[in-house]
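Commentary on secondary and tertiary structure
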Amino acid sequence: MKKRIAIFASGSGSNAQKIMEYFKKHQDAEIAIVLTNNSEAYVLQRADNFEIPSHIFDKHEFYKTDDIVKLLKNLQINLVVLAGFLWLIPDNLLKAFPNKIINIHPALLPKYGGKGMYGDKVHQAILDAGEEESGITIHYINEHFDEGEPIHQSRFKIEQGDDIEMIKFKGQQLEHLHYPKVVEQLLKKMKI
């Protein structure tokens with residue numbers, strides 16, 4: 001039986017797309033569903049292109065009910081992958097999937113993490129601080145933003161003259177290369 005992945009995303013979903021591509025013809029794993037809190041998110045189109053079912057939810061459903069947990073349990077999800085998902089994960093989901101929810105962050109945590117630190121805000125903070133390197137962190141999720149145990153980090157050099165777009169581009173290259181592989185490694189270690 002294939003191991004099953006659920007992807008949560010709030011926006012465009014470029015990392016979600018890379019994961020969908022990676023697992024499209026995978027022997028041992030598949031994307032079972034894409035979930036979003038944004039009915040306008042381009043990730044819905046990406047999921048549709050891969051014929052992957054999707055589910056749109058609101059704050060009430062996510063934080064005040066067990067609907068999402070039940071949905072993921074019914075789909076026999078083995079790993080929850082956050083790919084640009086901006087809400088804090090509620091307790092019921094953390095308890096239902098202990099050490100089975102991961103996230104990617106566009107900086108070398110613990111630097112430049114925490115509430116409100118996502119996307120271009122992170123890249124701008126790195127640029128403003130005059131950092132000589134940045135990178136990505138793939139980590140487990142806990143009850144705090146960006147404080148879960150790191151699984152993987154990759155770095156890149158910030159060259160003189162790099163602007164926010166170049167930093168973002170270098171980071172995304174690493175994200176797209178490493179995130180699907182880390183997902184695969186975690187799934188291989190899991191017993192079903």
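That block above? That's the structure.
Residues numbered from 1 in each chain as written. Predicted model: local features only at pLDDT ≥ 70, side-chain atom pairs only at ≥ 80, totals over all residues. Heavy atoms only, no water.

Bringing the overall build of the chain into the picture now. Across its full length, the chain holds seven helices and seven strands. Going residue by residue from the N terminus, the α and β elements of the chain occur as β-α-β-α-β-α-α-β-α-β-α-β-β-α. The globule rule puts the C-alpha radius of gyration for 192 residues at 16 Å, and the 16 Å found for the chain is close to it. When its C-alpha atoms are laid out on the principal axes, the chain stretches across 50 × 35 × 30 Å. A total of 192 residues make up the chain; the buried ones form 51% of that total. Once local pairs closer than 6 in sequence are excluded, the contacts in the chain between residues at least 24 apart make up 67%. Roughly 10,100 Å² of accessible area belongs to the chain as shown, and the carbon and sulfur atoms make up 48% of that amount. Placing the 24 positive and 26 negative side-chain charges of the chain at their respective mean positions leaves the two points 6 Å apart. (Helix = DSSP H or I, 4+ residues; strand = E, 2+ residues; numbered from the N terminus. Rg over C-alpha atoms; globule rule 2.2 N^0.38 Å. Buried < 20%, exposed > 50% of the residue type's maximum accessible area, 1.4 Å probe, protein only. Contact = heavy atoms within 4.5 Å. Areas by Shrake-Rupley, 256 points an atom, 1.4 Å probe, with all protein chains shown as cover. Lys, Arg positive; Asp, Glu negative; His and termini not counted. Charge placed at Lys NZ, Arg CZ, Asp CG, Glu CD.)

Take unusual backbone geometry next. The omega torsion across L109 and P110 is 10°, close enough to zero to call that bond cis. Tracing the sequence through the fold places P110 in the loop between β5 (101-105) and α6 (120-128). Although it is not a glycine, E51 adopts a positive phi angle of roughly 55°. Within the fold, E51 resides in the loop between α2 (43-49) and β3 (54-56). You can call E51 exposed: its relative accessible area is 74%. The phi dihedral of Y112 falls on the positive side, at around 60°, and the residue is not glycine.

What follows deals with the packing of helix α1 (residues 14-23) against helix α7 (residues 164-189). In the contact formed by α1 and α7, the axes pass within 9 Å of each other and the chain directions differ by 50°. What the angle tells us is that α1 and α7 run oblique. Judged by the twist between their axes, the crossing of α1 over α7 is right-handed. Side by side, α1 and α7 meet where S14, N15, K18, I19, Y22 and F23 of the first sit next to Q172, E175, H176, Y179, P180, K181, V183, E184 and L187 of the second. (Axes fitted to C-alpha atoms, helices over the stretch in contact; angles between N-to-C directions. Parallel < 35°, antiparallel > 145°, perpendicular 65-115°, else oblique. Left-handed = near helix turned anticlockwise from the far one by under 90°.)

With that settled, consider the packing of aromatic side chains. Describing an aromatic ring pair means giving the distance of the ring centres and the angle of the ring planes. Inspection of every chain in the model, using the stated rule, returns 12 aromatic pairs. With centroids separated by 5.9 Å and ring planes inclined at 70°, the aromatic side chains of F57 and W87 adopt a geometry described as edge-to-face. One end of the pair, F57, is in the loop between β3 and α3 (59-64); the other, W87, is in the loop between β4 (79-82) and α5 (91-96), and 30 residues separate them in sequence. Here the aromatic cluster, defined as three or more aromatic residues joined through ring pairs, consists of F8, F57, F62, Y63, F85 and W87. Above the ring of F97, the side-chain terminus of K73 is found at 4.8 Å from the ring centroid. (Phe/Tyr/Trp six-rings, centres within 6.5 Å; stacked < 30°, edge-to-face > 60°. Lys NZ or Arg CZ within 6 Å of the ring centre and 35° of its normal.)

In terms of nonpolar packing, the biggest core is built from 37 residues, with I7 and M20 touching the most fellow members. At seven residues, the largest contribution of residues to this core is made by α7. Once residues within four sequence positions are removed from consideration, I7 is found in contact with A16, I19, M20, I31, I33, V34, L35, V81 and A83. Core analysis: the second largest hydrophobic core is formed by 22 residues, A6, A32, F85 and L93 among them. (Core = buried A, V, L, I, M, F, W, Y, C linked by side-chain atoms within 4.5 Å.)

Turning to the side chain of N37, a few remarks are in order. Along the chain, the position of N37 falls in the loop between β2 (29-36) and α2. Taking the relative accessible area as the measure of exposure, N37 reaches 19% and is therefore buried.

The next thing to look at is the environment of P150. For P150, the location among the structural elements is in strand β7 (residues 150-157). Here P150 falls in the exposed class, since its relative accessible area comes to 51%. Spatially, the C-alpha atoms of P150 and I104 are 9.7 Å apart, while their sequence positions differ by 46 residues. Excluding residues within four positions of it along the chain, P150 makes contact with T137, I138 and H139.

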